[in-house]
Amino acid sequence: VSQDACWARRYMIVFKTPDEVSLMAQASQVVAEVLELLKGKVAPGITTDDLDRMAEEAIRGRGAIPAFKGYRNYPKTLCASVNEQVVHGIPSKRRLNEGDIIGLDLGAIVSGFYGDSAVTVPVGTASSQCLRLIQVTEEAMYRGIEKAVVGNRLSDVSHAVQTHVEAAGFAVVTEFVGHGIGRQLHEEPQVPNYGRPGQGPRLQVGMVLAIEPMVNMGTSAIRILEDRWTAVTQDGRWSAHFEHTIAIQANGPARILSQLSH
Ligand code: MF3
Ligand code: CO
């Protein structure tokens, strides 16, 4: 459907009570802590399976449940997307090399509520162009989050992400989107990383969203590998991904539930 037809339909947004948001904050904190741990383990020579094992153990050790394992038959706890892999890279015996970049995407469940977050980091020393891709993708996520305030419409978030990415000369991926999140990993509404502003539902307190730009260095086109999960760029150039789970607040900026709290 066209974007306009898409925006014109009605949404089944499940609003969260403050108690539910606090459970989602707990799930998101587990994700934040485990991502921080994994970032410290990323180095040349380690395999993505090693990272997956550590992720599962750390999530379960915190009394939470890995959210992705078994979701639509996804086989692992972690999505580990290296270089030209955009998202949903399946951990394997692949060893990381100096200069690679890796997206680490993780979800956890606490008391039936989900948290979902992703980061992209260099393996050792990466090229300055890769570091810029990573920085612009993270900035684009925060530009979107800044727009996630009561009174704005959903596509104000999308538009802010796209504008920042394209000003830097990169391309947003359109085949995958951010999403509502709650008792399910993927709830309505979808949160595209592109679009004109002022469209879609008005943002209201009680909405919890996963904002997740995927940004390609070259063209935005992607394809899915034979494993039916791994999304890669069509042109083989590299890609970055960041994600936070956020809660719309009655006043002021959104609360970033998956931000590591010290
Ligand atoms: N953060 C991704 C998403 O929200 C991760 C999903 S991986 C899956 O879509 F295996 F759970 F599908
Ligand atoms: Co997500």
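That block above? That's the structure.
What you see is a predicted model; the values in this text were computed from it and never measured.

Cut-offs used in this document
Residues numbered from 1 in each chain as written. Chains lettered and ligands numbered in written order. Predicted model: local features only at pLDDT ≥ 70, side-chain atom pairs only at ≥ 80, totals over all residues. Heavy atoms only, no water. Core = buried A, V, L, I, M, F, W, Y, C linked by side-chain atoms within 4.5 Å. Buried < 20%, exposed > 50% of the residue type's maximum accessible area, 1.4 Å probe, protein only. Helix = DSSP H or I, 4+ residues; strand = E, 2+ residues; numbered from the N terminus. Contact = heavy atoms within 4.5 Å. Axes fitted to C-alpha atoms, helices over the stretch in contact; angles between N-to-C directions. Parallel < 35°, antiparallel > 145°, perpendicular 65-115°, else oblique. Left-handed = near helix turned anticlockwise from the far one by under 90°. 1 Å grid on protein atoms, 1.4 Å probe; cavity = no way out; pocket = protein on both sides within 12 Å on 5 of 7 lines; lining within 4 Å. Points joined across faces, edges and corners; volume = space filled by probe spheres on them. Nonpolar A, V, L, I, M, F, W, Y, C, P; charged D, E, K, R; others polar. Donors = N, O, S within 2.8 Å, 3.2 Å for Na, K, Ca; no water. Pairing = 2+ DSSP bridges.

1. Observations regarding the nonpolar core
So, step 1. Core analysis: the biggest nonpolar cluster contains 57 residues, and Leu 51, Ile 102, Leu 104 and Leu 106 have the highest contact counts within it.
So, step 2. Within the residue set of this core, elements represented by two or more residues are helix 2 (18–41), helix 3 (48–61), strand 2 (78–82), strand 4 (101–110), strand 5 (113–122), helix 4 (128–146), helix 5 (154–167) and strand 9 (208–211).
So, step 3. The element contributing the most residues to this core is helix 4, with seven residues.
So, step 4. Discounting residues that sit within four places of it in the chain, Leu 106 has contacts with Val 31, Val 34, Leu 35, Leu 38, Ala 55, Ile 59, Phe 68, Thr 77, Leu 78, Gly 115, Asp 116 and Ser 117.

2. Focus on the packing of helix 4 against helix 5
So, step 1. Packing of helix 4 against helix 5 leaves a shortest axis separation of 8 Å and a crossing angle of 155°. Taken together, helix 4 and helix 5 sit at an angle that is classed as roughly antiparallel. Crossing angle aside, the handedness with which helix 4 passes helix 5 is right-handed. Facing Val 136, Glu 139, Ala 140, Arg 143 and Gly 144 of helix 4, the residues of helix 5 in contact are Val 157, Ala 160, Val 161, His 164 and Val 165.

3. Observations concerning the layout of surface pockets
So, step 1. Taken as a whole, the second largest pocket spans an internal volume of roughly 240 Å³.
So, step 2. Its residues assigned to classes, the lining of the second largest pocket comprises 11 nonpolar, five polar and three charged.

4. Observations regarding the coordination of the cobalt ion (ligand 2)
So, step 1. The cobalt ion (ligand 2) binds to the protein through Asp 116 (OD), His 179 (NE2), Glu 212 (OE) and Glu 243 (OE); the donor distances cover 2.1 to 2.3 Å.
So, step 2. Every donor residue of the cobalt ion (ligand 2) comes from the same chain, spaced as D-x62-H-x32-E-x30-E. Taken together, the positions of His 179 in strand 7 (residues 178–180) and Glu 212 in the loop between strand 9 and strand 10 (214–216) put the pair 33 residues apart, joining distant regions of the chain. This pair shows no difference in class: His 179 is buried, exactly as Glu 212 is.

5. A closer look at the sheet that holds strand 13 (residues 239–241)
So, step 1. Strand order across the open sheet formed by three strands is 6-10-13, with antiparallel pairing between neighbours. The sheet is open, and its two edges are formed by strand 6 (171–172) and strand 13, each paired on a single side.
So, step 2. Helix 4 rests against strand 10 and strand 13 of the sheet, and its axis sits at about 35° to strand 13.

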